[in-house]
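Report on the structure
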Amino acid sequence: MTDMTAELRKAIQAYDLPGVLLKTEPYGDGHINDTFCLTCRREDGQLLHFMLQRLSRRAFPHPEEVMENFVRITGFLQKKILEAGGDPARETLTLIRTRDGQAFYTDPRQNVWRMTAFVEGTFSLSDPTPGLMEAAGHAFGRFGRQLRDFPAETLHETIPSFHHTELHLQKLKKILREDPLGRAALARTEADFILAREADCRIITQARRDGLLPLRVTHNDTRLSNVLFDVQSRQGICIVDLDTTMPGLVIFDFGDAIRSAAILQQGKKKDPEAVHLDPDLYEGFTRGFLAQTADFLTKDEVDLLPWGARIITLELAIRYLSDYLEGDHYFRSVLPQQNLLRCRRQLSLLKDMEAQFAAMQAIVQKYAAPSGA
Ligand code: ATP
Ligand code: MG
């Protein structure tokens, strides 16, 4: 990269890299942090890669808390992986400390940078098959399993009230009343659809209040792109993007993976907004996830997994709609009405999940039973 910014250069200088730095390139299509891949050549000729990331201050106003969680979680996982005879260098992220031994570097503009060793021989993807969905289910399930005896409440909540669906709904109702940009009339159908599901917004928060759902260490961004698959075995070996790993509900980790990956998008011409749940991708993920978790999740957690998919889809629709009505401040929007369209797509998916709900529940029960695992 020729036009390397001064900040990036300074960040690199904060680290004692091996050998000669050959290349620094922007990496991946992550839309939260800025990610760069560094290539170094050691004296013996071997090439080594590192990931350098600048944390988004907009998404994470307390990056030092994000990093404290990161150090504790990866340290815990390393021990678990070693105990199980695994390879911590491939099965979790390895933090590279700065020259002065810090977990991160803060640049003069107060941006926080962190470096991890690149996990070699892996790929990530966004276009799944049932087999890869099963592998991703295994990987996220194993992540929860390895962390099940970590004291979740001692982690920082890096995004407070992240999945408090009722709060998101209350906020939407307020915005609809105030209608600051006069856009509410354009979104009446979507708003009515959401408001008719007010009771659904309470299902999980109420179960939590009733003490039915334990607080666990949850990843909170269980998209497929956050799983590294081994190029040889095609198994999901490492979970990345731990910035939102914090105390939460396992139901939402399951649900967000389904919402974001177990989907079929209709042909563009026919109906650009139609999104369907793909039953085979859903079954693949469920099978892998429950193979790792069925023996330690409570019955209430298992029974509510399909609700997690529905409610997280509804919640995201609510957040897109709120942002549209408020003027697109949170979700970057480059096309007219983009956040309204995003809301519509989530509602289209939700409608399909509602239609397929009995089958979604049956699949969960099939793999939750001891013989199905
Ligand atoms: P997003 O907005 O998509 O969640 P992000 O900005 O939070 O992305 P990451 O998910 O941490 O960034 O990283 C972006 C991508 O880089 C990942 O999807 C993964 O493919 C890859 N990646 C991250 N860390 C590593 C690593 N240590 N080794 C190999 N690949 C990695
Ligand atoms: Mg990511």
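Residues numbered from 1 in each chain as written. Chains lettered and ligands numbered in written order. Predicted model: local features only at pLDDT ≥ 70, side-chain atom pairs only at ≥ 80, totals over all residues. Heavy atoms only, no water.

Counting its regular elements, the protein chain contains twelve helices and 13 strands. In terms of overall size, the protein chain behaves like a compact globule, its C-alpha atoms giving a radius of gyration of 21 Å where 373 residues would be expected to give roughly 21 Å. C-alpha extents for the protein chain along the principal axes are approximately 65 × 55 × 45 Å. A separation of at least 24 residues holds for 72% of the contacts in the protein chain among residues at least 6 apart in sequence. Put simply, the protein chain shows about 17,600 Å² of open surface, and 51% of that area lies on carbon and sulfur atoms. (Helix = DSSP H or I, 4+ residues; strand = E, 2+ residues; numbered from the N terminus. Rg over C-alpha atoms; globule rule 2.2 N^0.38 Å. Contact = heavy atoms within 4.5 Å. Areas by Shrake-Rupley, 256 points an atom, 1.4 Å probe, with all protein chains shown as cover.)

Further remarks concern the pattern of salt bridges. In this structure the tally under the stated criterion is 26 salt bridges. K80 is the salt-bridge partner of D149, the closest N and O atoms lying 3.1 Å from each other. Of this pair, D149 sits in the loop between α4 (130-146) and α5 (165-178) while K80 sits in helix α2 (residues 63-83), and the two are 69 residues apart along the sequence. Taken together, the shared-partner salt bridges connect E7, D34, R54 and R109 into one network. (Salt bridge = Lys/Arg side-chain N within 4 Å of Asp/Glu carboxyl O.)

Attention shifts here to the packing of aromatic side chains. The final tally for this structure, using the stated rule, is eleven aromatic pairs. Taken together, a centroid distance of 5.5 Å and an interplanar angle of 25 degrees make the contact between F123 and F229 stacked. Here F229 lies in strand β9 (residues 227-230) and F123 lies in strand β7 (residues 122-123), a separation of 106 residues in the sequence. What links up through ring pairs into an aromatic cluster is the set F254, Y282, F285 and F289. One residue, R148, lies across the ring of F296, its end atom 5.3 Å from the ring centre. (Phe/Tyr/Trp six-rings, centres within 6.5 Å; stacked < 30°, edge-to-face > 60°. Lys NZ or Arg CZ within 6 Å of the ring centre and 35° of its normal.)

Turning our eyes to something else, we now look at the domain arrangement of the protein chain. Each domain of the protein chain was delimited in the assignment, giving domain 1 (6-60 + 96-120) and domain 2 (130-366). One C-alpha centre belongs to domain 1, the other to domain 2, and the line joining them spans 31 Å. Counting residues at the interface gives seven residues for domain 1 and eleven residues for domain 2. Interface area for domain 1 against domain 2, summed over the two sides, is near 690 Å², with a carbon-plus-sulfur share of 49%. The closest approach of N and O atoms between R114 and D243, which form a salt bridge, is 2.8 Å. The interface formed by domain 1 and domain 2 holds two residue pairs in polar contact (both at pLDDT 80 or more) in total. (Domains from an automatic or database assignment. Buried area = accessible area lost by both parts, 1.4 Å probe. Polar contact = N/O pair within 3.5 Å; in protein donor to acceptor, adjacent residues only side chain to side chain.)

Leaving glycine out, the prevailing phi sign among residues is negative, and the prevailing peptide bond configuration is trans. Of note, the phi angle at S161 is positive, near 50 degrees, even though the residue is not glycine. Mapped onto the elements of the fold, S161 is located in the loop between α4 and α5. Despite not being glycine, Q337 has its phi angle at roughly 60 degrees, a positive value. Along the polypeptide, Q337 turns up in the loop between α10 (299-326) and α11 (338-355).

So, on to the sheet that holds strand β10 (residues 236-239). Here we have three strands laid out as an open sheet, ordered β7-β9-β10, and antiparallel in their pairing. In the strand order of this sheet, the two ends are held by β7 and β10, each with one partner. As paired elements, β9 and β10 share three bridges and run antiparallel to each other. Across the sheet, the residue bridging to L228 is C238, located in β10. (Pairing = 2+ DSSP bridges.)

The next thing to look at is the nonpolar core. In this structure, F229, F254, I258, L277, Y282 and F285 are the most contacted members of the largest nonpolar core, which totals 76 residues. Looking at which domains feed residues into this core, each of domain 1 (6-60 + 96-120) and domain 2 (130-366) gives three or more. Listed in part, the 23 residues of the second largest apolar core include L321, L340, L347 and L350. (Core = buried A, V, L, I, M, F, W, Y, C linked by side-chain atoms within 4.5 Å. Buried < 20%, exposed > 50% of the residue type's maximum accessible area, 1.4 Å probe, protein only.)

On to the packing of helix α6 (residues 188-195) against α10. Axis angle and axis distance: for two packed helices, these are the angle between their axes and the distance between the axes, and together they describe the pair. For the pair α6 and α10, the least separation of the axes is 11 Å and the interaxial angle reads 140 degrees. Pair α6 / α10 crosses with left-handed handedness. Only L314, A317, I318 and L321 of α10 make contact with α6, whose side of the interface consists of E190, A191 and I194. (Axes fitted to C-alpha atoms, helices over the stretch in contact; angles between N-to-C directions. Left-handed = near helix turned anticlockwise from the far one by under 90°.)

Before going further, it helps to examine the side chain of D221. If you trace the backbone, D221 turns up in the loop between β8 (216-218) and β9. By relative accessible area, D221 is classed as buried at 13%. Once you skip the residues sitting within four places of it in the chain, D221 turns out to touch N226, D241, T244 and D256.

Moving on to the coordination of the magnesium ion (ligand 2). With distances of 2.1 to 2.3 Å, the protein atoms coordinating the magnesium ion (ligand 2) are N226 (OD1) and D241 (OD). In this pair, N226 is assigned in the loop between β8 and β9 and D241 in the loop between β10 and β11 (246-248), connecting sequence segments 15 residues apart. D241 gets classed as partly exposed once you look at its relative accessible area, which sits at 22%. (Donors = N, O, S within 2.8 Å, 3.2 Å for Na, K, Ca; no water.)

Note on placement: S126 falls in the loop between β7 and α4. S126 sits in the exposed class, given a relative accessible area of 64%. Sequence spacing of S126 and L224 is 98 residues, and the spatial spacing of their C-alpha atoms is 5.8 Å.

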